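Chain by chain, the residues run as shown.
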Amino acid sequence: MPELPEVNSFKLYFDKTTLNQKIREVEVQDDKIMRNINGDDFIEKLTGRTFVNSYRRGKYLFGKLDDGNDVLFHFGMTGDIKYYEDDMDQPRHERFAFHFTNGYRLGFDCPRKFARILYLKDLEKYISEIGLGEDALIISENSFLEKLEGRKTSIKGFLLNQKLLAGVGNLYADEICFQTRIHPGSSISALRQKQKKDIYKVMQNILSIAVNRARNYKEEKTEDDFFQWRVKGQKAPKGKGVCKVEKIAGRTTYYFDIYQRLYQSK
DNA sequence: TGTGATGTTGAATG
DNA sequence: GCATTCAACATCAC
């Protein structure tokens, strides 16, 4: 489900509901999403602990425990968190839940189990091991341009690569290409410096608007102006082309032909 | 009923 | 070694 803005809203939600609350009990229904720890060990490590801080980088959310260890929450495609009290509010595909001493719980919901939970003794080491790029909202223009340097892949492929830039997913990548009027399949080496700067500016603008709305993804989908144009066959602004659907960089990609110009290197 | 979906990874390929 | 592509993961909705 979530890209950078949605994970950011998860962070706000996590901070509001979970920080500084003692975990009385941990319930694990399915530890399949736990990658470096099993359910029993997870229960043992987390029971009695308290999350004291959190850190988001791209689509990764880290919860800092009072014993210095971290828990990584990566939401995959369908991950979600819910704070609730009654059994009847339990999410349908809850995989684990923290029960706090105040009687409330934080449940981790994930139908498709693409989410990943890791228990980390050294957060910095983990980030460097997986080579996670700088957060797309924090990266400087210079650093962004540096990452583009010498790269031959498509602009969409670049935006989606979490090692180069963390946080942009399939939908926002399409939105950035749409707003810059650049065909997502354009090769980076064919873009002029001005266009590269434009991509940076538009990316930050889109992400900060989405973050400031501080909504969750479901609401955003119906109320947001973003992504509404992603409808196959729809006419482009000013009638300059039609919305096409194509696999680019391995993902289903929407774009307007003609309206979004394709830049190819010779 | 088959198909594809907001993400990542590891194997395969160039 | 590096860059890129693709299948696989599991479930649901259309």
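Below, the structure is looked at part by part. The model shown is predicted, which means the values in this text are computed figures rather than measured ones.

**With respect to the pairing of strand E7 (residues 105-109)**
The buried count for E7 comes to five of five residues, which makes it a mostly enclosed element. Here E7 shows no split at all, with Arg 105, Gly 107 and Asp 109 on one side and Leu 106 and Phe 108 on the other all buried. Across five bridges, strand E5 (residues 80-84) lies against E7 in antiparallel orientation. Across the sheet, the residue bridging to Lys 82 is Gly 107, located in E7. Pairing between strand E6 (residues 94-100) and E7: five bridges, direction antiparallel.

**Structural notes on the protein's contact with DNA strand C**
Surrounding DNA strand C, one finds Lys 32, Arg 92, His 93, Pro 111, Arg 112, Lys 113, Phe 114, Lys 152 and Thr 153. Sugar and phosphate atoms constitute 59% of the interface atoms of DNA strand C, taking the interface as everything within 4 Å of the protein. Within the backbone of Thr 153, one N or O atom sits 2.8 Å away from a phosphate oxygen of DNA strand C. Among the residues making up the surface near DNA strand C, the classes are represented as two nonpolar, two polar and five charged.

Definitions and cut-offs
Residues numbered from 1 in each chain as written. Chains lettered and ligands numbered in written order. Predicted model: local features only at pLDDT ≥ 70, side-chain atom pairs only at ≥ 80, totals over all residues. Heavy atoms only, no water. Buried < 20%, exposed > 50% of the residue type's maximum accessible area, 1.4 Å probe, protein only. Helix = DSSP H or I, 4+ residues; strand = E, 2+ residues; numbered from the N terminus. Pairing = 2+ DSSP bridges. Near = heavy atom within 4 Å. Polar contact = N/O pair within 3.5 Å; in protein donor to acceptor, adjacent residues only side chain to side chain. Nonpolar A, V, L, I, M, F, W, Y, C, P; charged D, E, K, R; others polar.

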